[in-house]
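A look at the structure
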Amino acid sequence: MDTILVAGGAGYIGSHMVALLVKEGYDVVVADSLVTGHRQAVKGARQLYVGDLRDGAFLDRIFRENRVDGVINFAAYSLVGESMQDPLKYYGNNVAVSQSILTAMRDHGVDKIVFSSTAATYGEPERQPIQETDATVPTNPYGATKLAIEGMLKWCDRAYGIRYAALRYFNAAGSDPEAGIGEDHNPESHLIPLVMKTALGQRPYIGIFGEDYPTPDGTCVRDYIHVRDLARAHLLALEHLERTGESLVCNLGSGTGCSVREIIDTARRITGREIPAVAEPRRPGDPSVLIASNEKAARVLGWKPELDLESIISDAWAWHSAHPNGYED
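Attention here is on the structure that accompanies the text. Every value quoted in this text rests on a predicted model; they were computed, and no experiment measured them.

1. Overview of helix α4 (residues 87–108)
Look at α4: 31 Å from first C-alpha to last across 22 residues, which is about the 32 Å you get at 1.5 Å a residue. Inspection of α4 places Tyr-90, Asn-93, Asn-94, Val-95, Val-97, Ser-98, Ser-100, Ile-101, Leu-102, Ala-104 and Met-105 among the buried residues, and these make up the whole buried set. Tucked into the core, α4 has its buried residues touching β1 (3–7), α2 (56–65), β4 (68–73), α3 (80–85), β5 (112–118) and α5 (141–160). Downstream of α4 by a residue or two, Gly-109 has a phi angle that is positive, lying close to 70°.

2. Section: the pattern of salt bridges
Counted according to the given criterion, the structure contains 23 salt bridges. The salt bridge involving Arg-127 is made with Asp-134; its shortest N-O contact spans 2.6 Å. Where Asp-229 meets Arg-232, a salt bridge forms, and the shortest distance between an N and an O atom there is 3.0 Å. Of this pair, Asp-229 and Arg-232 both sit in helix α7 (residues 227–244), separated by 3 residues, roughly a single helical turn. Overlapping salt bridges bring together Asp-2, Arg-67 and Asp-69 as one network.

3. Points about the pairing of β1
Counting buried positions along β1 yields 5 of 5 residues, so the element is predominantly enclosed. Taking every second residue as pointing to the same face, both faces of β1 are buried, with Thr-3, Leu-5 and Ala-7 on one and Ile-4 and Val-6 on the other. Of the pairings in the sheet, the one linking β1 to β4 comprises 5 bridges and is parallel in character. Bridging from a neighbouring strand, Val-6 pairs with Ile-72 of β4.

4. A few points about the sheet that holds strand β3 (residues 47–50)
The 7 strands lie next to each other as β3-β2-β1-β4-β5-β6-β11, forming an open sheet whose pairing is parallel. Looking at which strands have only one partner, the edges of the open sheet turn out to be β3 and β11 (248–252). Each adjacent strand pair in this sheet contributes to an overall mean axis angle of 20°, direction not counted. Where β4 lies against β5, 3 bridges are found, and the strand directions are parallel.

5. Things to note about α5
Compared with an ideal rise of 1.5 Å per residue, which puts 20 residues at 28 Å, α5 spans 27 Å between its outermost C-alpha atoms and is within 8% of the ideal. Taken together, the buried positions of α5 are Pro-141, Tyr-142, Gly-143, Ala-144, Thr-145, Lys-146, Ile-149, Glu-150, Met-152, Leu-153, Cys-156 and Asp-157. Considering only its buried residues, α5 is in contact with α3, α4, β5, β6 (163–169) and β11. Among the residues trailing α5, Gly-161 stands out with phi positive, at a value near 70°.

6. Focus: the sheet that holds strand β9 (residues 221–222)
If you walk across this open sheet you meet the 3 strands as β12-β9-β14, and the pairing is mixed. Since the sheet does not close on itself, it has two edges, and those belong to β12 (258–259) and β14 (289–290), each with one partner. Sheet analysis places β9 next to β14, joined by 2 bridges and oriented parallel. The partner of Arg-222 across the bridge, within β14, is Leu-290.

7. Thoughts on the packing of helix α1 (residues 12–23) against α7
Orientation of α1 relative to α7, taken along the N-to-C sense of each, is 65°, at an axis distance of 9 Å. In the crossing of α1 with α7, the sense of the turn from one axis to the other is right-handed. Residues Tyr-12, Ile-13, His-16, Met-17, Leu-20 and Leu-21 of α1 form the contact with α7, whose own contacting residues are Val-227, Arg-228, Leu-230, Ala-231, Arg-232, His-234 and Leu-235. Of the residues that constitute the contact of α1 with α7, the class distribution is 9 nonpolar, 2 polar and 2 charged.

8. So, the environment of Gly-272
By secondary structure assignment, the location of Gly-272 is in the loop between α8 (260–271) and β13 (277–280). The sequence separation of Gly-272 and Ala-199 amounts to 73 residues, and the corresponding C-alpha distance is 8.6 Å.

9. Focus: the packing of aromatic side chains
The final tally for this structure, using the stated rule, is 2 aromatic pairs. On the basis of an interplanar angle of 50° and a centroid distance of 4.8 Å, the ring pair of Trp-319 and Tyr-327 is categorised as tilted. Comparing Trp-319 with Tyr-327, the two get one shared label, buried. One residue, Arg-282, lies across the ring of Tyr-213, its end atom 3.9 Å from the ring centre.

Conventions we followed
- Residues numbered from 1 in each chain as written.
- Predicted model: local features only at pLDDT ≥ 70, side-chain atom pairs only at ≥ 80, totals over all residues.
- Heavy atoms only, no water.
- Helix = DSSP H or I, 4+ residues; strand = E, 2+ residues; numbered from the N terminus.
- Expected span 1.5 Å × (residues − 1).
- Buried < 20%, exposed > 50% of the residue type's maximum accessible area, 1.4 Å probe, protein only.
- Contact = heavy atoms within 4.5 Å.
- Salt bridge = Lys/Arg side-chain N within 4 Å of Asp/Glu carboxyl O.
- Pairing = 2+ DSSP bridges.
- Axes fitted to C-alpha atoms, helices over the stretch in contact; angles between N-to-C directions.
- Left-handed = near helix turned anticlockwise from the far one by under 90°.
- Nonpolar A, V, L, I, M, F, W, Y, C, P; charged D, E, K, R; others polar.
- Phe/Tyr/Trp six-rings, centres within 6.5 Å; stacked < 30°, edge-to-face > 60°.
- Lys NZ or Arg CZ within 6 Å of the ring centre and 35° of its normal.

In C-alpha cells:
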C-alpha cells in the first residue's frame, strides 16, 4: 500500500498518524478544513489539501490527483458538551464528512478505510472492562454521530465492498516530542492538557468534578492511551484490512484505569510544579469508571499499548512546556 489519505490529518490524533506513516515510508496526503486543526502540525506529508470535506468536488479532486490506496478518517467535531447544545452541527459535519469520503472512495475504487470512532458509542457501560459486543446506547450526540457512521460503514462494506476498521478509542493523551507535535485544542476540554496548563500557571487551578464516586479515591477513573500507541494501532488496522479483507470494530485502550487524582499527582511529580486542585460538583452524565477491554485488539491486530501513564504525562509536559501557547509558538 503506497498512498494514504489522512482526513483530519492536521488535528491532534491525525497529525500523529501522519508523522508515523511518514516515518514508516508511506506517501501521505492530508485533507483538513483547519477549523480545529493546525497547518503547523502536519509534518512530512506530500501535500495538505485545505477545504471542506463535505464538498464532493473538493474530495473528487484529491482522489483524481493521487492514486489513493487507503483512507484514515479523523475528520470530526469532538466536543461532547457542544454536541449536546448543537446536535445539528455535529450531524451536519461528522456524518456528512464521512458520507462524502465514502462516496469518493466508491467512485474512485478505493476499498480500505480506518475510522476514528469513540468509546462514547457505548454510553453508560453495563460492565467493566467494556467489550465490543456490549450495548451501544450513546448518551450524547457526538457519540451518536460516530455510531451512525459505524452503521454507514457496515452498509458500504455490504454494498460496495469497502472494508473498514472502526476503532473505538478511550482517552487519547501525550505527544510526539521527536516530531514536535502535541495537543492544542481551543477551547481545551481534556484533563491532561488542562493539568499541564495549570502547571504552567496559565490556569489558577484544575477542577476535580466530583470526589464522591464509588472509586478508590472518590474521583472518576478513565482509560488513558498514548497518542503514539493509538497511531500504531491504526497502522496495524490498515495492514489487517490489506492482508485479510475483513472489516472489524475494535476498542483501543490500555485496559487499566487512572483516577483524576492519580493524573494530578503524577503530573505534580513529573513537572515539579504545585498544580492546585479544587473539588467541584459532579458533571451530569459522567460515569464513575470507563475502562476498555483491549483483548480483541491484541488478538486480531497484535496490538498492545507500550507507553504508560508516566510516558503520557512526560511527553505531554515536554510539548506544553516547549509550546505554552500551542502552535502559535
